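Residue-level structure breakdown
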Amino acid sequence: AHSCCWYNNKIYMYGGRNDFQFFHEVECFDPVTCEWSVIKAISEEGSLPRGRYAHACSLNGPIMYIQGGTLLSITGLSLLYTPEILSFNLISHIWKTEYAITEMSEMPLGRDFHSGVYVNGRFVIFGGKCPHPNEDDDGFYSFNFGTHEWTQLNITGYLPPGRRSLQAVVYGSSHVIYFGGFSTENKIFYSDLFILNTENNHVSRIAPYGVGPCPRRRVGMCLIGSELIICGGVGRKEEKQEKKELMTYDDMYIINLVPSLEHLSIETVISESLPTDILPVHLQERITELQFGNLDVSF
């Protein structure tokens, strides 16, 4: 339950925990030299932020934002859920607390295993498990870096149930795509795909063409161009729902958000079992790969 981001051709990792400690360092991996290094960080407030896990992480330029998560109390005897936002400059290596001036009615509860992204000058969070009450939040909250205020968004359109362990990525300049998650209260996994327009706070459910991933949580998800890639995760085999046996997946799905005519044609050839012997060799190979390979593709 740590976080990673990609900046300037390097991977930066923060937070997480093991059986013995909560980690507070920012570590860097250089894929060219295959070496790890620990960043020597300083803080505007004097003391470095405490280690945490199950937080949200998002990047804007060289600034890595960390929001929420679970901390170990100062006494070390209990866990604390925090709503705070931190920023870390990957160039100057300086931590900063983004202080909020918000009425308590608009302030999100501390939480973990939620989603949070920097989009359109704001940090938007959804979901997560809150300790008081002990349930998953179904509200969308936005932190404005200009006014330092939190606001609960008035959502129209699709109203997704509260959940934890979901994933979110920014699409374009003002949209956020969400997938999956798990309901703590109902003990069910989700496989719905939906998109938030942060300009009008409207949520639309996406119904991709083709066979998509089964319900699951804790997936890996990223956006490359117009392709949304979903990998792995934890779910439950349908035939074992009543036994509550979990399964860790190793599959991968690609959802082309702007499918080309070639993509649509290939999907039609596969779904209608059309002959392929008259097609160019590269298209025959592509169709064979999608039909019999390990890659599941939804358009």
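Shown above is the structure to which this text applies.
Presented here is a report on the structure given in the accompanying data block. (Residues numbered from 1 in each chain as written. Predicted model: local features only at pLDDT ≥ 70, side-chain atom pairs only at ≥ 80, totals over all residues. Heavy atoms only, no water.)

Moving on, we get to the pairing of strand β13 (residues 115–119). Strand residues, when the strand is regular, have side chains that alternate between the two faces of the sheet. Buried residues dominate β13, accounting for five of its five residues. Bridge count for β13 against strand β14 (residues 122–126) is five bridges, and the pairing is antiparallel. Within β14, the position partnered with Ser115 by the bridge is Phe126. Hairpin connection, β13 to β14: the antiparallel pair is bridged by two residues, and Asn120 has positive phi, about 55°. (Buried < 20%, exposed > 50% of the residue type's maximum accessible area, 1.4 Å probe, protein only. Helix = DSSP H or I, 4+ residues; strand = E, 2+ residues; numbered from the N terminus. Pairing = 2+ DSSP bridges.)

What follows concerns the environment of Val119. Within the fold, Val119 resides in strand β13. Its relative accessible area of 1% is what places Val119 among the buried residues. Each C-alpha atom, one on Val119 and one on His175, is 7.5 Å from the other, the two residues being 56 residues apart in sequence. If we ignore the near neighbours within four places in the chain, the residues touching Val119 are Val124, Val170, Ser173, Ser174, His175, Val176 and Thr198. (Contact = heavy atoms within 4.5 Å.)

Glancing now at the nonpolar core. Phe140, Val176, Tyr178 and Leu196 are the most contacted members of the largest nonpolar core, which has 14 residues in total. Elements that contribute at least two residues to this core include exactly β13, β14, β21 (175–183) and β22 (188–197). With residues up to four places along the chain from it excluded, the contact list for Val176 reads Val117, Val119, Ala168, Val169, Phe194, Ile195, Leu196 and Thr198. (Core = buried A, V, L, I, M, F, W, Y, C linked by side-chain atoms within 4.5 Å.)

Looking now at the environment of Val169. With respect to the secondary-structure elements, Val169 resides in strand β20 (residues 167–171). Separated by 54 residues in sequence, Val169 and Ser115 have C-alpha atoms that sit 9.0 Å apart.

Judged by pairing direction, the sheet is mixed, and its five strands sit side by side in the order β5-β12-β11-β8-β7 without closing on themselves. Of all the strands in the sheet, just β5 (42–43) and β7 (56–60) have a single pairing partner and so form its edges.

The next thing to look at is the environment of Tyr190. Examined against the element boundaries, Tyr190 turns out to sit in strand β22. Under the relative-accessibility criterion, Tyr190 is labelled buried at 11%. C-alpha separation for the pair Tyr190 and Pro213, spaced 23 residues apart in sequence, amounts to 10.0 Å. Discounting chain neighbours no more than four positions away, the residues touching Tyr190 are Pro161, Gly162, Arg163, Gly180, Gly181, Phe182, Ser183, Pro215 and Arg216.

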